[in-house]
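# Descriptive analysis of the structure
One-letter residues, chain by chain:
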Amino acid sequence: MNRNRPFRSSIVGFYEVMTTSLRSDSKSQSYPEQSQMENYSPPPRATGHQEKVKSSADDSSRNVGFDLKESHNERKKKYLTAKYGAHQMFLIKKRLGVEMWIFDELRKLYESDDDDHDCELELEEILNLDTDSERRQYAWDQLEDAKVSKEEVTTFVEELIKKAKTL
């Protein structure tokens, strides 16, 4: 065995095992004397609460404490995203286009620049109705306090029914 290599490999079954040979004539290795081993005792271990207090005191000198404000947590919101097929995405964009058109037309009908009108016209409700006459009646009920002429409301309702049929 080579003196520079303290480990030798042996194959046991399928595993290669590294072993050392202890020789009494080896003067390069120094082992503790028997009297030193008898006097050795491991350092006392802190238990429970003392250990937590000690670690938090030690961590404070090594770690940087960041002051995270709640506004940061409020700003960072998570959103679930999904992938849609091309046809499904086309249908979603088409419906969104109709909803935006309804939104813009309601602004015109109520002569308003924002959403301060009381109209509860919902595209979903119109699509759930079976006949055009039911749809027309629902739209008229929702638009009865519009600020424009009846002809403009009638034009809007007819256009709305046409667009709803395409969805």
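Described in the following lines is the structure provided in the data block. (Residues numbered from 1 in each chain as written. Predicted model: local features only at pLDDT ≥ 70, side-chain atom pairs only at ≥ 80, totals over all residues. Heavy atoms only, no water.)

## A look at the overall build of the protein chain
Within the protein chain, the regular secondary structure consists of seven helices and two strands. The linear arrangement of helices and strands in the protein chain, starting from the amino end, is β-β-α-α-α-α-α-α-α. Taken over 167 residues, the protein chain has a buried fraction of 16%. Here the protein chain has roughly 14,800 Å² of accessible surface; of this, 51% comes from carbon and sulfur atoms. (Helix = DSSP H or I, 4+ residues; strand = E, 2+ residues; numbered from the N terminus. Buried < 20%, exposed > 50% of the residue type's maximum accessible area, 1.4 Å probe, protein only. Areas by Shrake-Rupley, 256 points an atom, 1.4 Å probe, with all protein chains shown as cover.)

## Some points on the packing of helix H4 (residues 86–109) against helix H7 (residues 150–166)
Between H4 and H7, the shortest axis-to-axis distance is 11 Å and the interhelical angle comes to 175°. Viewed along their axes, H4 and H7 adopt a mutual orientation that is roughly antiparallel. Judged by residue contacts, Lys94, Val98, Trp101, Ile102, Glu105 and Leu109 of H4 engage Glu152, Val153, Phe156, Glu159, Leu160, Lys163 and Thr166 from H7. Counted by class, the contact of H4 with H7 contains seven nonpolar, one polar and five charged residues. (Axes fitted to C-alpha atoms, helices over the stretch in contact; angles between N-to-C directions. Parallel < 35°, antiparallel > 145°, perpendicular 65-115°, else oblique. Contact = heavy atoms within 4.5 Å. Nonpolar A, V, L, I, M, F, W, Y, C, P; charged D, E, K, R; others polar.)

## Concerning the pattern of salt bridges
Going through the model one piece at a time under the given rule, you end up with six salt bridges. Glu105 is paired through a salt bridge with Lys108; the nearest N and O atoms lie 3.3 Å apart. Of this pair, Glu105 and Lys108 both sit in helix H4, separated by three residues, roughly a single helical turn. Between Arg136 and Glu158 there is a salt bridge, and its shortest N-O distance comes to 2.7 Å. (Salt bridge = Lys/Arg side-chain N within 4 Å of Asp/Glu carboxyl O.)

## A closer look at the side chain of Arg135
Among the secondary structure elements, Arg135 is positioned in helix H6 (residues 132–142). By relative accessible area, which is 12% here, Arg135 ends up buried. One polar contact links the side chain of Arg135 to the main-chain carbonyl oxygen of Ile126, over a distance of 3.0 Å. From its side chain, Arg135 meets the backbone oxygen of Leu129 in a polar contact 3.2 Å long. If we ignore the near neighbours within four places in the chain, the residues touching Arg135 are Ile126, Leu127, Leu129, Asp130, Ile161 and Lys165. (Polar contact = N/O pair within 3.5 Å; in protein donor to acceptor, adjacent residues only side chain to side chain.)

## Some remarks on H7
Because an α-helix completes one turn every 3.6 residues, residues spaced three or four positions apart along the sequence face the same direction. Over its 17 residues, H7 runs 25 Å from end to end, which matches the ideal 24 Å to within 8%, given 1.5 Å per residue. Summarising the contacts, the buried residues of H7 are in contact with H4, helix H5 (123–128) and H6. (Expected span 1.5 Å × (residues − 1).)

## Comments concerning the nonpolar core
In terms of nonpolar packing, the biggest core is built from 21 residues, with Ile102, Leu106, Leu109, Leu121, Leu143, Phe156 and Leu160 touching the most fellow members. Contributing elements (two or more residues each) for this core: H4, H5, H6 and H7. Here the element with the most residues in this core is H7; it accounts for six residues. Sequence-distant contacts of Leu121, defined by excluding residues within four places in its chain, comprise Ile102, Leu106, Ile126, Tyr138, Ala139, Gln142, Phe156 and Leu160. (Core = buried A, V, L, I, M, F, W, Y, C linked by side-chain atoms within 4.5 Å.)

## Quick word on the packing of H6 against H7
At a closest axis distance of 10 Å, the pairing of H6 and H7 adopts a crossing angle of 135°. Put simply, H6 runs oblique to H7. Crossing angle aside, the handedness with which H6 passes H7 is right-handed. Residue-level inspection shows Asp132, Arg135, Arg136, Ala139 and Trp140 of H6 in contact with H7, the latter providing Lys150, Val153, Thr154, Val157, Glu158, Leu160, Ile161 and Lys165. Grouping the amino acids of the contact of H6 with H7 by side-chain chemistry returns six nonpolar, one polar and six charged. (Left-handed = near helix turned anticlockwise from the far one by under 90°.)

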